[in-house]
Amino acid sequence: MTHQHHVKSLSERAAREREYMERGGIGALINSLSGGVDSSATAAISKQAAPQGALGLILPCSTEEELEGERLQDIVDAQRVADHLGIPAVTINLSDLWQMAVTLYSAAARDLAAKSGIPLEEERLQWAINNLKPTLRIMTAGFFADAFRGLIMGTGNGVEYFLGYFSIRGDGLSDRQPIRDCTKAEVRGIASEAGLPDDLVNRVPTAGLWPGQTDEGELGFTYAEADRFLIWLLERHLATPVLSTTLTVREEAVDAILGAPDLPVAPDVARRIIAQNRRTEFKRRPGDLEALMQERGLK
């Protein structure tokens, strides 16, 4: 049985943010613009919620070579979004700060490894270096939120949250998450509703953590597949509980899910999605499943 999912429109989401601002005496909504569809849709919600209080930050954080190459397009596209929506935006190049922190922290990490006897894995160190970028961006957004009596607008969508594909020390620290109930396709729908150009609505998703990085390449499956699987899983849960309160696939349900005749993706894809979801349970919280079901109008 297919259930009716209620996906709130751009104006409904903006109204909710406006009400929240009025209730809390909030003066501004701080948006980190990457040129990607998630941040663009979130910025569109912010602009409609607070026509005079939506503010944009463009925060390049990379090597000089990348900033002259593929990351330059991020800056250009982010400014296009700001211009299209009429959001005042400033560009702050965090690259030097990132490299200074990398040098300082890496040396200290090696020193700590020697003192503690705990091995420092080079692969994990490189991951920490890359993951420092979203941390610096959220720190910067926090400064502006404090300075303008505002809130940090998160850009994580529902399928990324289900996958744990976000930084708990980055976007996970945002004050508001206006698209957390959405699939990637639904986020694109909000961006289209805002009148954003098609090339931005359908831009290849990337966190820009290293050269050539794309979300789908890193995950090993497409957002379209993850979207279909999540919607199918939520509906299956209504008939036979397969998810825990942290929005995590229950271990005892895995075999039945993979063997389901109506599985909406290939079994190997489902297996990868489930593995990604289960190993990132620590990023989610009790009550996340119930909140998502309620948000989507599923009982």
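This text follows the structure it describes.
Residues numbered from 1 in each chain as written. Predicted model: local features only at pLDDT ≥ 70, side-chain atom pairs only at ≥ 80, totals over all residues. Heavy atoms only, no water.

(A) Broad picture of empty space enclosed by the protein. Under the definition given, this model contains one cavity of 30 Å³ or more. For the largest cavity, the full set of lining residues is G156, N157, E160, Y161, F166, D171, G172, Q177 and R180. Looking at the lining of the largest cavity residue by residue, the class counts come to two nonpolar, four polar and three charged. (1 Å grid on protein atoms, 1.4 Å probe; cavity = no way out; pocket = protein on both sides within 12 Å on 5 of 7 lines; lining within 4 Å. Points joined across faces, edges and corners; volume = space filled by probe spheres on them. Nonpolar A, V, L, I, M, F, W, Y, C, P; charged D, E, K, R; others polar.)

(B) Representation of the pairing of strand 1 (residues 28-32) within the structure. For strand 1, the buried fraction is high: four of the five residues fall into the buried class. Two elements, strand 1 and strand 4 (residues 150-152), share three bridges in a ladder whose sense is parallel. Bridge assignment links L29 to a residue of strand 4, and that residue is L151. The sheet contact formed by strand 1 and strand 2 (residues 54-58) spans four bridges and is parallel. (Buried < 20%, exposed > 50% of the residue type's maximum accessible area, 1.4 Å probe, protein only. Helix = DSSP H or I, 4+ residues; strand = E, 2+ residues; numbered from the N terminus. Pairing = 2+ DSSP bridges.)

(C) Geometry of helix 8 (residues 184-193). Along helix 8, the residues classified as buried are K184, E186, V187, I190 and A191. An end-on view of helix 8 places all buried positions within 160° of arc, on one side of the element. Tucked inside the fold, the buried residues of helix 8 contact helix 1 (10-24), helix 2 (37-49), helix 7 (158-163), helix 9 (198-201) and helix 11 (223-239). A positive phi of about 80° marks G195, the residue just after helix 8. (Arc of directions from axis to C-beta. Contact = heavy atoms within 4.5 Å.)

(D) Region of the structure containing the nonpolar core. Ranked by size, the top nonpolar core spans 34 residues in total, and within it F162, L163, F229, L233, L234, L243 and I257 carry the most contacts. Breaking this core down by element, the ones donating at least two residues are helix 7, helix 11, helix 12 (254-258), helix 13 (267-279) and helix 14 (288-295). With seven residues, helix 11 is the largest single contributor of residues to this core. Beyond its immediate sequence surroundings of up to four residues, L243 is in contact with F162, L233, L234, H237, T248, V249, R250 and L289. (Core = buried A, V, L, I, M, F, W, Y, C linked by side-chain atoms within 4.5 Å.)

(E) Spatial organisation of the packing of helix 2 against helix 8. Interhelical geometry of helix 2 versus helix 8 gives an angle of 50° and a closest axis separation of 9 Å. With respect to helix 8, the element helix 2 is oriented oblique. As for how helix 2 packs across helix 8, the hand of that crossing is left-handed. In contact with V37, D38, A41 and I45 of helix 2, helix 8 contributes K184, V187, R188, I190 and A191. Among the residues making up the contact of helix 2 with helix 8, the classes are represented as six nonpolar, no polar and three charged. (Axes fitted to C-alpha atoms, helices over the stretch in contact; angles between N-to-C directions. Parallel < 35°, antiparallel > 145°, perpendicular 65-115°, else oblique. Left-handed = near helix turned anticlockwise from the far one by under 90°.)

(F) Geometry of the pattern of salt bridges. A complete count under the given rule lists 17 salt bridges for this structure. Note that R203 is salt-bridged to D77, the shortest N-O span being 2.8 Å. Taken together, the residues span a long stretch of sequence, with R203 in the loop between helix 9 and helix 10 (215-219) and D77 in helix 4 (residues 70-85) at a distance of 126 residues. For E251, the salt bridge is made with R278, and the minimal N-O distance between the two is 3.9 Å. Of the two residues, E251 is situated in the loop between helix 11 and helix 12 and R278 in helix 13; the sequence distance between them amounts to 27 residues. Under the relative-accessibility criterion, E251 is labelled exposed at 60%. We classify R278 as partly exposed; its relative accessible area is 33%. Shared partners join several salt bridges into a network, and the residues in it are R71, D74, D77, R80, D199 and R203. (Salt bridge = Lys/Arg side-chain N within 4 Å of Asp/Glu carboxyl O.)

That is the geometry; function is a separate question.
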